Amino acid sequence: QKEVEQNSGPLSVPEGAIASLNCTYSDRGSQSFFWYRQYSGKSPELIMFIYSNGDKEDGRFTAQLNKASQYVSLLIRDSQPSDSATYLCAVTIMYSGGGADGLTFGKGTHLIIQP
Amino acid sequence: DTAVSQTPKYLVTQMGNDKSIKCEQNLGHDTMYWYKQDSKKFLKIMFSYNNKELIINETVPNRFSPKSPDKAHLNLHINSLELGDSAVYFCASSPIRGRAREQYFGPGTRLTVT
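This text gives an overview of the structure that appears in the document. Given the structure is predicted, the values throughout are model-derived calculations rather than measurements. (Residues numbered from 1 in each chain as written. Chains lettered and ligands numbered in written order. Predicted model: local features only at pLDDT ≥ 70, side-chain atom pairs only at ≥ 80, totals over all residues. Heavy atoms only, no water.)

Before going further, it helps to spend a moment on the interface of chain A and chain B. Residue-level contacts link 25 residues of chain A with 23 residues of chain B. Interface of chain A and chain B: buried area, both sides summed, is about 1,900 Å²; carbon and sulfur atoms make up 59% of it. Scanning the region where chain A abuts chain B turns up 0 salt bridges. The interface formed by chain A and chain B contains 4 residue pairs in polar contact (both at pLDDT 80 or more). Listed by contribution, the elements that provide at least two residues to the side of chain A that touches chain B are β4 (32-38), β5 (45-50), β9 (85-94) and β10 (101-105) of chain A. Here the residues of the side of chain A that touches chain B sort into 12 nonpolar, 9 polar and 4 charged. (Contact = heavy atoms within 4.5 Å. Buried area = accessible area lost by both parts, 1.4 Å probe. Salt bridge = Lys/Arg side-chain N within 4 Å of Asp/Glu carboxyl O. Polar contact = N/O pair within 3.5 Å; in protein donor to acceptor, adjacent residues only side chain to side chain. Helix = DSSP H or I, 4+ residues; strand = E, 2+ residues; numbered from the N terminus. Nonpolar A, V, L, I, M, F, W, Y, C, P; charged D, E, K, R; others polar.)

Laid out in structure tokens, this is it:
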């Protein structure tokens, strides 16, 4: 059973601080890792992806991957009220025969940025 | 110029009915997916199609039948609808290039079975 675990929260962070979101996954065969943001009533929106160990930065967002620990994190610097949403961690696994691969999602962390 | 579109946005129907949801992507992607998000907001893959060929079929009742007339379209037909089918259904698409294979989601179809 391939699983992705996230703390459901809510995680409350004051405006301007760093929000840190964490995710662990069970399958060592996982190759690519994604963070999606989902506002209530909306579809998931891709924020970051990472597939190599280390850090990847894009604006205020930094994704961190540690394959040995099977751990992915997302840091949001200078948090804004508009960052309040549910953040979904997702992992891609290649299916036998190659070709398409699906995403296994965690249940999401609800982030609240307090003004 | 919506990238991934779905119709209808809302669907209310009675148990036992048959309904379809349509999905289209204009991104030129090779792969399309259907996901189900239940009332607890858990998002789970149902099907994956690559160039009109079914690749992934997770444990989904055979009342659900995807159809891909071409690589830009992936429709979902549901027979004999049950109360437990009430959920938001998301279509997504992904390019087959590189390692990331990031997926882009449509706006979702909220299905309510009464």
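We are not done yet, so read on.
All right, on to the sheet that holds strand β8 (residues 71-76) of chain A then. All names here are of chain A. Spatial strand order, β1-β3-β8-β7-β6: 5 strands in an open sheet with antiparallel pairing. Single-partner strands in this sheet number two, and they are β1 (4-5) and β6 (54-58). Here strand β3 (residues 19-25) runs beside β8; their pairing, made up of 6 bridges, is antiparallel. Within β8, the residue paired with Cys23 across the bridge is Val72. (Pairing = 2+ DSSP bridges.)

On to the nonpolar core. Counting residues in hydrophobic clusters, the biggest one holds 23 residues, and the most contacted among them are A:Trp35, A:Val72, A:Leu74, A:Ile76 and A:Tyr87. Elements that contribute at least two residues to this core include exactly β3, β4, β5, β7 (61-66), β8, β9 and β11 (109-114) of chain A. In contact with A:Leu74, not counting residues within four places along its chain, are A:Ala19, A:Ser20, A:Leu21, A:Trp35, A:Met48, A:Phe61, A:Thr62, A:Ala63 and A:Tyr87. Listed in part, the 20 residues of the second largest apolar core include B:Phe64, B:Ile78, B:Leu81 and B:Cys91. (Core = buried A, V, L, I, M, F, W, Y, C linked by side-chain atoms within 4.5 Å. Buried < 20%, exposed > 50% of the residue type's maximum accessible area, 1.4 Å probe, protein only.)

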